[in-house]
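Observations on the model geometry
Residues per chain, in single letters:
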Amino acid sequence: MLGENNIESNAGDLAPAHLVKLYNSGVNISQYLRSRHGVEQNSSEIIELAYELQAGSYVQRLEDPAVYEFQQGYTDRIAREIAALCAPVSVLEAGVGEATTLGFVARKLGVGPAYHGFDLSWSRVATGRKWLRSLPVGNVSLCTGDLAAMPYADDSIDVVYTSHSIEPNGGREAQILTELHRVAARYLVLFEPDYENASPEAQARMREHGYCVDLVGTAQRLGMEVVRHEFLPASINPLNPTGLTIIRKSDRPARAAPAEAVYACPVARTPLRRVEGAYFSPDSLLAYPVIDGVPCLREKQAIVCCKLKDIAGPA
Ligand SMILES: C[S@@+](CC[C@H](N)C(=O)[O-])C[C@H]1O[C@@H](n2cnc3c(N)ncnc32)[C@H](O)[C@@H]1O
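Residues numbered from 1 in each chain as written. Predicted model: local features only at pLDDT ≥ 70, side-chain atom pairs only at ≥ 80, totals over all residues.

1. Let's talk about the overall build of the chain
- The helix and strand tally for the chain stands at eleven helices and twelve strands.
- Against the globule reference of 20 Å for 315 residues, the chain gives a C-alpha radius of gyration of 19 Å, in line with a compact fold.
- The principal-axis extent of the C-alpha atoms belonging to the chain is close to 60 × 50 × 40 Å.
- Looking at the chain as a whole, 40% of its 315 residues qualify as buried.
- Long-range contacts, defined here as pairs at least 24 residues apart, represent 68% of the contacts in the chain between residues at least 6 apart. (Helix = DSSP H or I, 4+ residues; strand = E, 2+ residues; numbered from the N terminus. Rg over C-alpha atoms; globule rule 2.2 N^0.38 Å. Buried ≥ 20, exposed ≤ 12 C-beta atoms within 10 Å, placed from the backbone. Contact = placed C-beta atoms within 7 Å.)

So, in C-alpha cells, the structure goes:
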C-alpha cells in the first residue's frame, strides 16, 4: 500500500512525461512534488523522480575541466580515507548516481576490492554502467535500491560510503544510518552536507531543500562509534559544504563473496537467488527484474511470484 508521502499516480500532472516538460522549463521538481503532495520532506519517490529527470547530467558535466579537476581532488580524498582505514575486499557507494564518484574511487583504490553501487534512479544507474565501461573500470556491480531498505545482506561489505546521497533524505537520518550500518562489515564513511558547520545562508538553503542534518549526533544516539568528523572547506558548491564522518563498526573483515552473492531481498533481508531475468527471494516470494543488465532491487519494483520457486526449480 502506498503511504501518504508516495506518488500515487503516473498520470496527469504527475506523469513522467509532464514532469520532463516542467524540468526542461526550469521548474525545481522536488519542490513541485513536495508542494503537489503537501509534504515538507522528500520521500524516496520524490527523490527518484527528481534524479531520473537529471540522468546523464553528471557524466556530461565532467566535460567541464573545472568540474573534472574538482572531481579528481574529491575522489582522491575518498580513496585516501578508505585506504587509510583498511584493505577492503569490498566497497559500496550507497546512492551512487551515475557512478562518477565510484568510478574514480575504484580507479584510485585499484583492482583489489569488489565494487558495488546502487541508486533509486534506474536511468542514473544505467548511465553509470555505460560510463564505467568507457572509463574503463571493471569489477563494479550496480543495481537500483533504496538507502532506507538496502538490497544487501547484513555485514556484507567491508566499507560502505556515501557521497551526498543521504543529502535529500532529511527527516530519515536515523533510519538510513541504521541501514548503512547494518550492511557495513567494518567502516561507514560519509561525505555528506555538513549543516552544523555551514554558513547561515547555506543552512537556509539546506532547510529549503529538505537536506539531512545532525548525522554525527544521530549516529551517536544510535550507539554507533563515530571515530572522526571533519568539515571539508573545499566544495564544488559553497552553499552545500561537505563534512566527512567516519564510523567504525568492527575490525573484522567481511568474507569475500562473489559479487552477486551479496544481494539480499530488501523485504526479507535474506539472500536473493538468480533466476532467468530476475533475482528471486524464496522467503518473501518476490522477484526483482533485471532491466538492460541493471537488477532492480527496490520493494516497489518487485513482482509477486508465489510459484516461481516451484517453476524455476532448486537453487
Ligand atoms: C547529489 S547526488 C550524488 C550522486 C553520487 N553519490 C555522486 O557522488 O556523484 C545524490 C544521489 O543520491 C541518490 N539518492 C538519494 N536518496 C536516495 C535513497 N533514499 N536511496 C537511494 N539513492 C538515493 C539520488 O538518486 C542521487 O542519484
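2. A look at the confidence of the model for the chain
- Predicted confidence across the chain gives a mean pLDDT of 93, with 97% of residues reaching 70 or more.
- Predicted confidence for residues 1-7 stays below pLDDT 50, and this span has nine contacts to residues more than four positions away or in other chains. (pLDDT = per-residue confidence, 0-100.)

3. A word on the domain arrangement of the chain
- Domain annotation of the chain identifies domain 1 (12-54), domain 2 (60-248) and domain 3 (263-312).
- In this structure, domain 1 and domain 3 have C-alpha centres spaced 28 Å apart. (Domains from an automatic or database assignment.)

4. A short note on the site of the ligand
- Around the ligand sit 22 residues in total, of which G95, G97, T101, S163 and S165 are the nearest.
- Here the element with the most residues in the shell around the ligand is helix α3 (residues 44-54); it accounts for three residues.
- Two domains each put at least three residues into the shell around the ligand: domain 1 (12-54) and domain 2 (60-248). (Near = placed C-beta within 6 Å.)

5. Some remarks on the packing of helix α2 (residues 29-36) against α3
- Viewed as axis vectors pointing N to C, α2 and α3 meet at an angle of 150°, and their least axial separation amounts to 9 Å. With respect to α3, the axis of α2 lies roughly antiparallel. Between α2 and α3 lies a crossing whose hand is right-handed. Taken together, the residues of α3 that come into contact with α2 (itself represented by I29, S30, L33 and R34) are I46, L49, A50 and L53. (Axes fitted to C-alpha atoms, helices over the stretch in contact; angles between N-to-C directions. Parallel < 35°, antiparallel > 145°, perpendicular 65-115°, else oblique. Left-handed = near helix turned anticlockwise from the far one by under 90°.)

6. A look at the environment of L180
- Its place among the elements puts L180 in helix α8 (residues 173-183).
- For L180, a count of 27 C-beta atoms within 10 Å gives the class buried.
- In this view, L180 contacts A94, V160 and L188; residues no more than four positions away in its chain are not counted.

7. Some thoughts on helix α6 (residues 102-109)
- For α6, the buried fraction is high: six of the eight residues fall into the buried class.
- Within α6 the residues assigned to the buried category are L102, G103, F104, V105, A106 and L109.
- Residues of α6 that are buried make contact with α5 (65-85), β1 (90-94), β2 (114-119), α7 (122-134) and β3 (140-144).
- Remark: G110 follows α6 within two positions and exhibits a positive phi of approximately 95°.

8. Description of the packing of α5 against α6
- Packing of α5 against α6 brings their axes to within 9 Å, and their N-to-C directions diverge by 55°. Classified by the angle between their axes, α5 and α6 sit oblique to one another. Classified by chirality, the crossing of α6 by α5 is right-handed. Between α5 and α6, the contacting residues are Q71, Q72, T75, D76, I78, A79, I82 and A83 on the first element and F104, V105, K108 and L109 on the second.
- Its residues assigned to classes, the contact of α5 with α6 shows seven nonpolar, three polar and two charged. (Nonpolar A, V, L, I, M, F, W, Y, C, P; charged D, E, K, R; others polar.)

9. Some thoughts on the nonpolar core
- Of all hydrophobic cores here, the largest spans 66 residues; its most connected members are I157, V160 and Y288.
- When residues of this core are assigned to their parent elements, the largest contribution, seven residues, is made by strand β5 (residues 184-193).
- For Y288, the residues in contact, after removing those within four places along its chain, are L272, A278, Y279, P295, C296, L297, Q301 and A302.
- By size, the runner-up hydrophobic cluster in this structure holds eight residues, among which are L19, L33, I46 and Y51. (Core = buried A, V, L, I, M, F, W, Y, C linked by C-beta atoms within 7 Å.)

10. Some remarks on α5
- The first and last C-alpha atoms of α5 sit 31 Å apart over 21 residues, in line with the 30 Å expected at 1.5 Å per residue.
- Considered for burial, the residues of α5 that qualify are Y74, T75, I78 and I82. Taken down its axis, α5 places every buried residue within 95° of arc, on the same side. Of the residues in α5, the exposed ones pointing more than 90 degrees away from the buried face are P65, A66, E69, Q72, G73, R80 and A84. (Expected span 1.5 Å × (residues − 1). Arc of directions from axis to C-beta.)

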